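Descriptive structure summary
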Amino acid sequence: VTFGGYRSDRIASDILWAPVKVESWWQVAIDDITFNNEPKNLCNGACQVAVDTGTSMLAGPSDLVDKLSSMVNAKDDCSNFEELPTLGFQIGDTV
């Protein structure tokens, strides 16, 4: 077990360090949300996210989640999974 470190042989990309805004949630600021690496201008530089590698849940303000759901247009039965965009979070110039 390693606390506060990482094994470079087990990561898929470079690590991006971001200042933590709220320590109890590992909350950081992001510049935008992207689809297929293209910014969608949803944040105006003001989105905050909780970084948690132990969950697959995505939650947020209702208006933003509704907008994302509409833009993604995922079907309830996941029948269009292969057509869905890759969701990303932009910090600076990095997605």
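As a reminder, the structure under discussion sits directly above these lines.
Each chain has its residues counted from 1, following the order in which its sequence is written. Note on the predicted model: pLDDT of at least 70 is required for a residue's local features to be given, and 80 or more for side-chain atom pairs to be given and counted; whole-chain, interface and lining totals, by contrast, use all residues. The side-chain numbers reported here are obtained from all heavy atoms of the structure, hydrogens and water having been left aside.

The rule for pairing is simple: two strands pair if DSSP sees at least two bridges between them. Helix and strand definitions here come from DSSP, where helices need a minimum of 4 consecutive H or I residues and strands a minimum of 2 consecutive E residues; each element is numbered from the N-terminal end. Ordered in space as S1-S2-S5, the three strands form an open sheet in which the pairing is antiparallel. Since the sheet does not close on itself, it has two edges, and those belong to strand S1 (20-22) and strand S5 (47-50), each with one partner. Across the sheet, the mean angle separating the axes of adjacent strands is 50 degrees when strand polarity is ignored. Sheet topology note: the S1/strand S2 (residues 27-30) ladder contains two bridges and is antiparallel. Across the sheet, residue Val22 finds its bridge partner in S2, namely Gln27. The convention used is that axes are lines fitted to C-alpha atoms, helices contributing only their stretch in contact, and that angles between N-to-C directions extend from 0 to 180 degrees.

This part takes up the pairing of S2. Here the term buried applies to any residue with accessible area under 20% of the maximum for its type, exposed to any over 50%, and partly exposed to those in between, with areas from a 1.4 Å probe on protein chains only. Across the two faces of S2 the burial differs, with Val28 and Ile30 buried and Gln27 and Ala29 not buried at all. Between the antiparallel neighbours S1 and S2 lie four residues, among them Trp26 with a positive phi of about 50 degrees. Judged from the four bridges that link them, S2 and S5 form a sheet pairing that is antiparallel. Across the sheet, residue Val28 finds its bridge partner in S5, namely Val49.

With that settled, the discussion passes to the nonpolar core. Buried residues of nine kinds, namely Ala, Val, Leu, Ile, Met, Phe, Trp, Tyr and Cys, make up a nonpolar core once their side-chain atoms join them within 4.5 Å. Ile30, Ile33, Phe35, Leu42, Cys43, Cys47, Leu64 and Leu68 form the largest nonpolar core, which has eight residues in total. Secondary structure elements with two or more residues in this core: strand S3 (32-35) and helix H1 (62-72). Dropping the residues within four chain positions of it, Cys47 is found in contact with Val28, Ala29, Ile30, Leu42 and Leu64. Here a residue-residue contact requires only that any non-hydrogen atoms of the pair lie within 4.5 Å.

A few words on unusual backbone geometry. A positive phi angle, near 50 degrees, is found at Trp26, a position not held by glycine. Mapping Trp26 onto the fold places it in the loop between S1 and S2. Exposure remark for Trp26: the relative accessible area of 57% places this residue in the exposed category. The phi dihedral of Cys78 is positive, around 60 degrees, even though this residue is not glycine. Counting through the fold element by element, Cys78 comes out in the loop between H1 and strand S6 (87-90).

Right, let's talk about the sheet that holds S6 for a bit. Strands sit in the order S4-S3-S6 across an open sheet of three strands; the sheet is antiparallel. Of all the strands in the sheet, just strand S4 (38-39) and S6 have a single pairing partner and so form its edges. Alignment of S3 against S6, held across four bridges, turns out to be antiparallel. Counted as the bridge partner of Ile33 is Phe89 from S6.

The next thing to look at is the state of the cysteines. A pair of cysteine sulfur atoms is labelled a disulfide when the two atoms are within 2.5 Å. With the rule as written, the count across this model stands at one disulfide. Here Cys43 is linked by a disulfide to Cys47, with a sulfur-sulfur distance of 2.0 Å. Residues Cys43 and Cys47 share a disulfide whose torsion about the S-S bond is about -90 degrees; that sign makes it left-handed. The same class applies to Cys43 as to Cys47, namely buried.

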